[in-house]
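Understanding the architecture of this molecule
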Amino acid sequence: MLTQFKIRYPQGNLISELVAIDCDTYIIKASIVVNGITIATGMAGAETIEVAEERSKERALALLDLNTSTSNLAETKTKKMPEPTEPKINLTEQKISSNNSLIKSESWNFVLAEEMKKDYFVKLLEFIEREGQETKIFPPKEEIFTALEITPLEKIKVVILGQDPYHGVGQAHGLSFSVKKGVSIPRSLENIFKELASDLNIKPPNHGNLTHWATQGVLMLNTVLTVRAHKANSHKNKGWEIFTDRVIEIVNEQTPHVVFVLWGKEAQKKIKLIDDKHTIIKSPHPSPFSAKYGFFGSRPFSKINSALQQAKQEPIDWTLPA
C-alpha cells in the first residue's frame, strides 16, 4: 500500500485525488512525491504499485538516501524498492493530514482525513501521548485502529458496537469484545459465546479472537478506542465519541445496507445516527451485570444473517477457527 511507503519514507508526500471513471464512478489515485518527483502511484484497491519513469525513480531514491547515490544510477535500475517495515507509532510525531494518516487503510484514510485534522482530534492524540508517558494505556498504540484496518469501509456488512476497550493487561487489541489467542476469555465474551451456542448451535471456541468475524465485514467498533490500565471508562469524553460518531455516520451514508448491533444503553445512543435503510438489532449488554435482563435469548446472530440474506448479502460465518 502507498500509505506504508509514506510511513517508511517520511520525507515524501502522499498525495490523493479522485479520478473520474465515468459520470457516476470515481476511484482514488495516490502518489508518493519526493522533492517534486513522483516515485510511485497506485489506485485504491489495486494490488500493485506502478513506479514512475525510471530516471525519476532513481533520482527520488537518491534523495531518500536509500543507499543510492546520484553517481550510481545505472546500478539502481536493477534494484527493487525496499519492503516497508512495520512502523513504530509515536502519536505526537504524526502529522494528521490527508497526506499522512495513523490508520493503515486506504478507504478509511480517505474518508476520515478531514476529521483527523480537527482540533479535538489533535488534542485527543496529545492526551493519549501524555497518558502513555504516565501509565499504560490499552490497546497498544499500533492496534488502536485495528477495527478500521481489518474491516475497510467497502467491506462492511455488520457493525457490532462496544463501549470501551478491556482494561486488563494483554486483553484489548483494537476489536470490540475480542482478545488475542492465549488470553483468558472475559465474562462479556463468554456470554456472547453462550448466546451464539444457543442461537446457532455453534460450540464456543477455546479462544476469544474475533478477527475471523472482522475479516468477513463485521466492524468490531468501540465507541471509545483507548483506556487507562485497570480503569474502565477512563478515556470517556476525551474526544473518541466524536470520532466514532463520524465513523458511524460515514457507514450510514456510504453503504447501501448494514446491520447495526447495539448492545446496551451507550451503544443505543447511536440510533439517531442511523437511517431506516439499515437494520438495527438491539438488546441489553452481554456483561454479567445485564445479560440476564434480555441479552440471553435475543438471538442476534441468526437475526443478523436473516437481515443480510433479505438484503441479498452473504451471511456471516460465526464459527471461529481454532
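Overview of the structure. (Residues numbered from 1 in each chain as written. Predicted model: local features only at pLDDT ≥ 70, side-chain atom pairs only at ≥ 80, totals over all residues. Heavy atoms only, no water.)

Observations concerning the overall build of the protein chain
Scanning the protein chain for helices and strands turns up 11 helices and 10 strands. With 322 residues in all, the protein chain has 51% of them scored as buried. Considering only contacts within the protein chain whose residues lie at least 6 apart along the sequence, 59% involve residues at least 24 apart. Surface accessibility of the protein chain: about 16,300 Å² in total, with carbon and sulfur atoms responsible for 49%. (Helix = DSSP H or I, 4+ residues; strand = E, 2+ residues; numbered from the N terminus. Buried < 20%, exposed > 50% of the residue type's maximum accessible area, 1.4 Å probe, protein only. Contact = heavy atoms within 4.5 Å. Areas by Shrake-Rupley, 256 points an atom, 1.4 Å probe, with all protein chains shown as cover.)

What to know about unusual backbone geometry
Across the junction of phenylalanine 138 and proline 139, the peptide omega takes the value -5 degrees, indicating a cis bond. One can find proline 139 in the loop between strand S5 (137–138) and helix H6 (146–150). You will see that asparagine 201, though not glycine, has its phi angle at about 60 degrees, which is positive. Looking at the secondary structure, you find asparagine 201 in the loop between helix H7 (187–200) and helix H8 (211–215). Judged by its relative accessible area of 71%, asparagine 201 falls in the exposed class. In the Ramachandran plot, asparagine 237 falls in the positive-phi region, its phi being about 60 degrees despite a non-glycine side chain. Residue placement: asparagine 237 occurs in the loop between strand S8 (227–228) and helix H9 (240–254).

With respect to the environment of glutamate 129
Note that glutamate 129 resides in helix H5 (residues 119–134). For glutamate 129, a relative accessible area of 7% gives the class buried. Separated by 12 residues in sequence, glutamate 129 and lysine 141 have C-alpha atoms that sit 9.4 Å apart.

Examining the side chain of glutamine 313
Mapping glutamine 313 onto the fold places it in the segment after helix H11 (300–310). Among the residues examined, glutamine 313 registers a relative accessible area of 18% and is labelled buried. There is a polar contact of 2.6 Å between the side chain of glutamine 313 and the side chain of histidine 257. Residue contacts for glutamine 313: discarding those within four places in its chain leaves Lys157, His257 and Leu308. (Polar contact = N/O pair within 3.5 Å; in protein donor to acceptor, adjacent residues only side chain to side chain.)

Here we look at the pattern of salt bridges
Counted under the stated rule, the structure contains 11 salt bridges. Between glutamate 134 and arginine 228 there is a salt bridge, and its shortest N-O distance comes to 3.8 Å. With glutamate 134 in helix H5 and arginine 228 in strand S8, the pair connects residues that are 94 residues apart, well separated along the chain. Via salt bridges that share partners, Glu131, Glu134 and Arg228 belong to a single interconnected network. (Salt bridge = Lys/Arg side-chain N within 4 Å of Asp/Glu carboxyl O.)

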